[in-house]
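Summary of structural features
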Amino acid sequence: MNNSPIGVFDSGLGGLSVWAEIRRRLPAESLVYYGDGKHCPYGRKSAEEITEYAIEAVERLLSKGAKLVVVACNTATGAAIRTLRERYTIPIVGMEPAVKPAAQATRTGVIGILATRRSLESELYRHTSAHYAAGVEIVQSEGEGFVELVERGMSDSDEALSVVGRVVEPMLQKGVDQIVLGCTHYPFLKDTIRKVVGDRKVHIIDPSPAIAARVEQLLEQYDLQCDATNIATYRFISAADEEYVARIREFAERIK
Ligand code: DGL
């Protein structure tokens, strides 16, 4: 038994999509969320820079007693997961674009991957896509401007519709029937993506439930589950100012 919190980290607000799934699946577990905020977006930064921020994040989460850390950021996973696992002994869960389930589910043989530029250029992604999507055509695109929309709270705006349309429409024209949300900010644009998709038969894949399931499995494996009677607490921290922390909290409270 271990009532310490699970640490969750992202460049900003996006990781709250994963945080919400963990909360749903493991309601007795306390969570501490670190949204960097100061260096967001990570999407076009160098792997070295992102690794530095990821180490800072894990250090802060450890200082709050985290028993396990979820890197709720595809970009940081691609850039830094190996370094983090070498450096720390606690279990660290990473995430990468869900190529495998998309490749398994496609009927048209064409899948769309939406992610940041850094994620799409990462060795981890190249390896996964070569391994799991053999025989499947991948249409991959940087969700240019997507993270900024979410950070500015503009996910449901007309502006979002046009920014998302510019990226998603060409994917649809290439015949994708699966669209992978390969960045944790993108689930907050799901309704807008659906609007662009319209009545075409396209499945949108959000990997956060699978990440929450993985967290549960690791807690069991390492005997780190909290007491069933534990009253969960939710804390929010950041590299940015108190105003940003308040934004994270507000954003989290709006998630059902
Ligand atoms: N939410 C992040 C991801 O999953 C990073 C977005 C960014 O900061 O560019 O990739």
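Residues numbered from 1 in each chain as written. Predicted model: local features only at pLDDT ≥ 70, side-chain atom pairs only at ≥ 80, totals over all residues. Heavy atoms only, no water.

1. Observations regarding the site of the ligand
Contacts to the ligand come from 13 residues, most closely from S11, Y42, G43, N74 and T75. In the environment of the ligand, an oxygen atom lies 2.8 Å from a nitrogen or oxygen atom belonging to the backbone of N74. Taking H185, its side chain carries an N or O atom lying 2.8 Å from a nitrogen atom of the ligand. Judged by its atoms lying within 2 Å of the grid points, the ligand is housed in the largest cavity. Per-class residue counts for the shell around the ligand are 5 nonpolar, 7 polar and 1 charged. (Near = heavy atom within 4 Å. Polar contact = N/O pair within 3.5 Å; in protein donor to acceptor, adjacent residues only side chain to side chain. 1 Å grid on protein atoms, 1.4 Å probe; cavity = no way out; pocket = protein on both sides within 12 Å on 5 of 7 lines; lining within 4 Å. Sits in = over half its atoms within 2 Å of the grid points. Nonpolar A, V, L, I, M, F, W, Y, C, P; charged D, E, K, R; others polar.)

2. Here we look at the sheet that holds strand β2 (residues 31-35)
Adjacent strands of a sheet form backbone hydrogen bonds with each other and so pair up, either parallel or antiparallel. Strands sit in the order β4-β3-β1-β2-β9 across an open sheet of 5 strands; the sheet is parallel. Among the strands making up the open sheet, the edge pair consists of β4 (92-93) and β9 (234-238). For strand β1 (residues 6-10) and strand β3 (residues 68-71), the ladder comprises 4 bridges, and the chain directions are parallel. Looking at the pairing, G7 lines up with V69 of β3. (Pairing = 2+ DSSP bridges. Helix = DSSP H or I, 4+ residues; strand = E, 2+ residues; numbered from the N terminus.)

3. Here's the deal with the sheet that holds strand β7 (residues 178-181)
The sheet built from 4 strands is open, its strands ordered β6-β5-β7-β8 with parallel pairing. Whereas interior strands pair on both sides, the edge strands pair on one side only; in this sheet they are β6 (137-142) and β8 (203-205). Mean inter-strand twist for the sheet, computed between neighbouring axes without regard to direction, equals 20°. Note: strand β5 (residues 110-115) against β6, 6 bridges, orientation parallel. Bridge pairing in β6 links I111 to I138. (Axes fitted to C-alpha atoms, helices over the stretch in contact; angles between N-to-C directions.)

4. A few points about empty space enclosed by the protein
For the coordinates displayed, the defined rule picks out 2 cavities of 30 Å³ or more. Of the pockets and cavities examined, the largest cavity occupies roughly 60 Å³. What lines the largest cavity is a set of 13 residues, among which S11, T75, T116, C183 and H185 lie closest to the centre. Of the residues in the lining of the largest cavity, the class split is 5 nonpolar, 7 polar and 1 charged. Here the second largest cavity is characterised by a volume of approximately 30 Å³. As for the second largest cavity, its lining consists of S17, M95, L181, C183, T184, P187, D206, P207 and S208. The class makeup of the residues in the lining of the second largest cavity is 5 nonpolar, 3 polar and 1 charged. (Points joined across faces, edges and corners; volume = space filled by probe spheres on them.)

5. Brief notes about helix α11 (residues 242-254)
With 13 residues, α11 extends 19 Å from end C-alpha to end C-alpha; this agrees with the ideal 18 Å at 1.5 Å per step. The inward-facing, buried residues of α11 contact α1 (16-25), β2, α7 (146-151) and β9. (Expected span 1.5 Å × (residues − 1). Contact = heavy atoms within 4.5 Å.)

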